[in-house]
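# Descriptive analysis of the structure
Okay, here's what each chain looks like letter by letter:
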Amino acid sequence: MFTPSQVIPFFNHDDPWVRDHALRYFEHCHDPSPLTADDYWAVIDSRGQNDQTLGFAADLKHAPGTERSFERRLQALQAELDEPFDTHYQHAARDIDFPLLAAHRDQLLDHARLLPHVREHMALRLQVADQPTGISNPPSDEPSEEPIDHSEPMPTSLAPPSDDWIQPFRRETPKIGRNDPCPCGSGKKYKKCCMTN
């Protein structure tokens, strides 16, 4: 069985049957995790923007991005495209990896063809990342200077409950089984007599 990264070179094969077979592999591939956005762009560029590569355009937003794929994404956003491809490229721009978004924030937010809701989503992501976390003293790996005194008794709020707090359920009479004689005295089994009432 091939991995997705081993199938990518078959898209440039001379035989059209091999190229189509490689495309069908990705239709049924459930874990394309080793692929990056560069691999998706390689397929889209080699096969063109058509129904066969529309799935690759849709999955761009899930693929880890690189600087090269970022530049290719900007090129795709600048071009006039058909509706499904343009929508998928806009979604891929919206969900771009945060390090790439932070590094190219002005270039992305000022892009002329970016849809308003995509631009707003990116701005919100950057705004949330710029806010302080509210942690005044971040945890450190260094041991604290004050030793913990284990000789003091545990506070009562953290102590385990006492025996009188939780009592298990106890029956006052023994349990009657389904096949036991009925306690009403009819002589029938309990399941045929009072159990159904």
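Rules used in this analysis
Each chain carries its own residue numbering, running from 1 in the written order of its sequence. The predicted origin of the model limits local features to residues at a pLDDT of at least 70 and limits the giving and counting of side-chain atom pairs to 80 or more, whereas totals for whole chains, interfaces and linings rest on all residues. Side-chain figures throughout are based on the complete set of non-hydrogen atoms in the structure, without hydrogens or water. Helix and strand assignments follow DSSP, with helices taken as H or I runs no shorter than four residues and strands as E runs no shorter than two, numbered in order from the N terminus. Here the expected length of a helix is defined as 1.5 Å per residue gap, with one fewer gap than residues. When a residue's accessible area, from a 1.4 Å probe over protein chains only, is under 20% of the maximum for its type it is buried; when over 50% it is exposed; and in between it is partly exposed. Contact between two residues is taken to exist if any of their heavy atoms lie within 4.5 Å; hydrogens are not considered. In what follows, salt bridge is the name for a side-chain nitrogen of Lys or Arg lying within 4 Å of a carboxyl oxygen of Asp or Glu. A pocket here means an open set of points on a 1 Å grid, computed over the protein atoms alone, that has protein on both sides within 12 Å along at least five of seven lines. A cavity is instead a set of points where a 1.4 Å probe fits but cannot get out; residues with an atom within 4 Å of a point line either one. Grid points are joined across faces, edges and corners, and a volume is the space filled by probe spheres set on the points. Helix axes are fitted only over the stretch in contact, all axes being lines through C-alpha atoms; the angle between N-to-C directions runs from 0 to 180 degrees. When an angle is under 35 degrees it counts as roughly parallel; over 145 it counts as roughly antiparallel; between 65 and 115 it counts as roughly perpendicular; any other value is oblique. Handedness of a crossing follows from how the near helix is turned relative to the far one, being left-handed for an anticlockwise turn of less than a right angle and right-handed for a clockwise one. Note on residue classes: Ala, Val, Leu, Ile, Met, Phe, Trp, Tyr, Cys and Pro are nonpolar, Asp, Glu, Lys and Arg are charged, and everything else, Gly too, is polar. The aromatic pairing rule takes the rings of Phe, Tyr and Trp, using the six-membered ring of Trp, and pairs them if the centres are within 6.5 Å, calling planes under 30 degrees apart stacked, those over 60 edge-to-face and the rest tilted.

Here we take up helix α6 (residues 83-94). Residue pairs spaced three or four apart in an α-helix point in one direction, given the helix's 3.6 residues per turn. In this model α6 runs 16 Å from its N-terminal to its C-terminal C-alpha over 12 residues, within 8% of the 16 Å that 1.5 Å per residue would give. Considered for burial, the residues of α6 that qualify are F85, D86, Y89, Q90, A92, A93 and R94. Close packing links the buried residues of α6 with α3 (37-47), α4 (54-59), α5 (67-78) and α9 (116-130).

Now for the pattern of salt bridges. Evaluation of the coordinates by the stated rule reveals four salt bridges. Its salt-bridge partner being R68, residue D38 comes within 3.7 Å of it at the nearest N-O pair. Here R68 lies in helix α5 and D38 lies in helix α3, a separation of 30 residues in the sequence. You can call D38 buried: its relative accessible area is 15%. Close ionic contact of D86 with R113 constitutes a salt bridge, the shortest N to O distance being 3.8 Å. Placement of D86 in helix α6 and of R113 in the loop between α8 (105-109) and α9 is noted, with a sequence separation of 27 residues between them. A relative accessible area of 12% means that D86 is categorised as buried. Taking the relative accessible area as the measure of exposure, R113 reaches 24% and is therefore partly exposed.

Before going further, it helps to spend a moment on the side chain of R94. Among the secondary structure elements, R94 is positioned in helix α6. For R94, a relative accessible area of 19% translates into the label buried.

The next subject is empty space enclosed by the protein. This structure, assessed with the given rule, holds one cavity of 30 Å³ or more. Reported here for the largest cavity is a volume of approximately 30 Å³. For the largest cavity, the full set of lining residues is L60, K61, A63, P64, G65, R73, A92, D95, I96 and D97.

Once that is clear, we can look at the packing of α5 against α6. Two elements in contact, α5 and α6, have axes separated by 10 Å at closest approach and are oriented at 140°. As judged from the angle between their axes, α5 and α6 are oblique. When the axes of α5 and α6 are compared, the crossing they make is left-handed. Contact residues: R73, A76 and L77 in α5; Y89, Q90, A92 and A93 in α6.

On to the packing of α6 against α9. One way to put it is that α6 packs onto α9 with a least axis distance of 9 Å and a crossing angle of 10°. Accordingly, the angle class assigned to the pair α6 and α9 is roughly parallel. Taken together, the residues of α9 that come into contact with α6 (itself represented by Q90, A93 and R94) are V118, H121, M122 and R125. Its residues placed into classes, the contact of α6 with α9 shows three nonpolar, two polar and two charged.

The subject of this paragraph is the packing of aromatic side chains. One pass over the full model with this rule turns up three aromatic pairs. Measuring from centroid to centroid gives 5.1 Å for W41 and Y89, while their planes differ by 40°, and the two rings are tilted. Of the two residues, W41 sits in helix α3 while Y89 sits in helix α6, which places them 48 residues apart along the sequence. Members of the aromatic cluster, joined through ring pairs, are W41, F85 and Y89.

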